[in-house]
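What follows is the residue order along each chain.
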Amino acid sequence: DTYMCDCCLSPCAKCEGSLDKGDDILSAAGADIMTSKMNDLTDLSAGSSLFSPTGANGDTFSATSFWKEATKYFNQVCLPSCNIGFESINASTDPARNYTYTPAMDDDLHDAWVALLNGTNALVNPIKSVIATSFTFQALPESICPYNKELCVPMPGMDFQEITAGADYCTFKMGADVVTAVGDFAASAFESMGGSAMSGAATENFGDWVGDFQRTIDTFIVVSVLSFLFGILFLVVLRFTVGLCVWLPVGITVLMFWFGGAFVFVLSGQCSGAGIFETGQR
């Protein structure tokens, strides 16, 4: 009953209806469909098929709804460069990691997943084989992506590029095979929608502030030390020149009054329109 409810195969409070997804997943035909769909996701060279509406996954990854919710399906991590994607696994000298998907323990399908994986009934053998073999993904080496391997799985056909030259953030870029399969216009639309979704989620928080401080810690230390040294130097100089600092402005002020008065006195005796250095008087 729990399985039937979690999969919305029987009426229950958490379901509003049931979608017809084709063959029974426990049948050989259902297992073949799942295998072909997962092959596009786990085969790093299958990017063109994954994003093509005629591929095994249909328009799942070429629909606008997927790209508008990019923050839901992609993990934001820090990498050495934006030029890191699915091709980096083959280019790296370090071995790739393998990540086998399992639903989270609080996922409604977790219990059903474990039951199928550990099932001994012959009826579940086709789907059991698919679960055991087709849900293993290649993840970037830890030297490139220093996070848990489930956060470092690259997507076939997906590259990245800097938002602007010299920026610390990357945005989506479709691989050449995907552009060939779906066309320049569609690929540009995917990149734009995905980038907009990521930009909208790029809000500042305390973690960002700590990260910015860590990146500039050397500058912070240098400025702090120099400020302290110049402050001490200023106090020492002021100690021996405080008299000069006080009386010099007073003296300059008195002189300015004297010169100002002399200037006005000279002007008072000149003819109208005469220059300051002319000697004519009225």
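Please read all numbers here as calculations on a predicted model, not as lab measurements.

Analysis parameters
Residues numbered from 1 in each chain as written. Predicted model: local features only at pLDDT ≥ 70, side-chain atom pairs only at ≥ 80, totals over all residues. Heavy atoms only, no water. Helix = DSSP H or I, 4+ residues; strand = E, 2+ residues; numbered from the N terminus. Contact = heavy atoms within 4.5 Å. Areas by Shrake-Rupley, 256 points an atom, 1.4 Å probe, with all protein chains shown as cover. Core = buried A, V, L, I, M, F, W, Y, C linked by side-chain atoms within 4.5 Å. Buried < 20%, exposed > 50% of the residue type's maximum accessible area, 1.4 Å probe, protein only. Axes fitted to C-alpha atoms, helices over the stretch in contact; angles between N-to-C directions. Parallel < 35°, antiparallel > 145°, perpendicular 65-115°, else oblique. Nonpolar A, V, L, I, M, F, W, Y, C, P; charged D, E, K, R; others polar. Phe/Tyr/Trp six-rings, centres within 6.5 Å; stacked < 30°, edge-to-face > 60°. Lys NZ or Arg CZ within 6 Å of the ring centre and 35° of its normal. Disulfide = S-S within 2.5 Å. Expected span 1.5 Å × (residues − 1). Bend = angle between axes of the 7 residues up to and from the residue. pLDDT = per-residue confidence, 0-100. Lys, Arg positive; Asp, Glu negative; His and termini not counted. Salt bridge = Lys/Arg side-chain N within 4 Å of Asp/Glu carboxyl O. Arc of directions from axis to C-beta.

J.: Mind laying out the overall build of the protein, listing which residues take part and the relevant values?
T.: When its secondary structure is counted, the protein shows 12 helices and four strands. Expressed as a percentage of contacts within the protein between residues at least 6 apart in sequence, the contacts between residues at least 24 apart total 54%. Here the protein has roughly 19000 Å² of accessible surface; of this, 62% comes from carbon and sulfur atoms.

J.: Tell me about the nonpolar core, and name the residues and values.
T.: Counting residues in each nonpolar core, the largest one holds 11 residues, listed as A31, M38, Y99, W113, L116, V124, I127, V130, I131, F135 and F137. Those elements that place two or more of their residues in this core are α2 (28-42), α7 (110-117) and α8 (125-133). Considering every element that reaches this core, the biggest residue donor is α8, with three residues. For F135, the contacting residues outside a window of four places in its chain are M34, M38, Y99, T100, Y101, W113 and V130.

J.: Summarise the packing of α7 against α8; cite the residues concerned and give the values.
T.: As a packed pair, α7 and α8 sit with axes 8 Å apart at the nearest point and diverge in direction by 105°. Overall, the two elements α7 and α8 adopt an arrangement that is roughly perpendicular. Mapping the contact onto sequence places W113, L116 and L117 in α7 and I127, K128, I131 and A132 in α8. Here the contact of α7 with α8 is composed, by residue class, of six nonpolar, no polar and one charged.

J.: Got a sec to walk through the packing of aromatic side chains? Specific residues and values, please.
T.: For the structure shown, the criterion picks out six aromatic pairs. Through a chain of ring-to-ring contacts, the aromatic side chains of Y101, W113 and F135 assemble into a single cluster. Its guanidinium or amino end placed over the ring of F240, R239 lies 5.5 Å from that ring's centre, counting from NZ or CZ.

J.: Go over the state of the cysteines, please, and point to the residues and values.
T.: Counted according to the given criterion, the structure contains two disulfides. Here C82 is linked by a disulfide to C170, with a sulfur-sulfur distance of 1.9 Å. The sign of the -85° torsion about the S-S bond sets the C82-C170 disulfide as left-handed. Of this pair, C82 sits in the loop between α5 (70-73) and α6 (88-91) while C170 sits in strand β4 (residues 170-174), and the two are 88 residues apart along the sequence. With a relative accessible area of 36%, C170 lands in the partly exposed category. Across the disulfide, C145 is cross-linked to C152 (sulfur-sulfur distance 1.9 Å).

J.: Describe the side chain of S134, and please don't skip the residues or the numbers.
T.: Structurally, the position occupied by S134 is in the loop between α8 and β2 (136-139). In this structure, S134 is in contact with T35, M38 and T42, ignoring residues within four places of it in sequence.

J.: Describe helix α12 (residues 217-268), and please don't skip the residues or the numbers.
T.: With 52 residues, α12 should reach 76 Å at 1.5 Å per residue; the first-to-last C-alpha distance of 64 Å falls well below that figure. At T241, α12 is deflected by roughly 70°, the largest bend along its length.

J.: Please provide a residue-by-residue account of the confidence of the model for the protein, values included.
T.: Averaged over all residues, the pLDDT of the protein is 77; the fraction at 70 or higher stands at 79%. Highest mean pLDDT in the protein belongs to α12 (90); lowest belongs to helix α10 (residues 184-201) (53).

J.: Run through the environment of P141, naming residues and quoting values.
T.: Mapping P141 onto the fold places it in the loop between β2 and β3 (158-162). Sequence-wise, P141 and P95 are 46 residues apart; in three dimensions their C-alpha atoms are separated by 6.1 Å.

J.: Residue-level account of the side chain of D40, with values.
T.: In this fold, D40 is placed in helix α2. Despite being buried, D40 has no salt bridge partner; K37 is the closest side chain of opposite charge, sitting 8.2 Å away.

J.: An account of α7 is needed here, citing residue identities and associated values.
T.: Among the residues of α7, H110, A112, W113 and L116 are the ones counted as buried. One side of α7 carries all its buried residues, which in axial view fall inside an arc of 165°.

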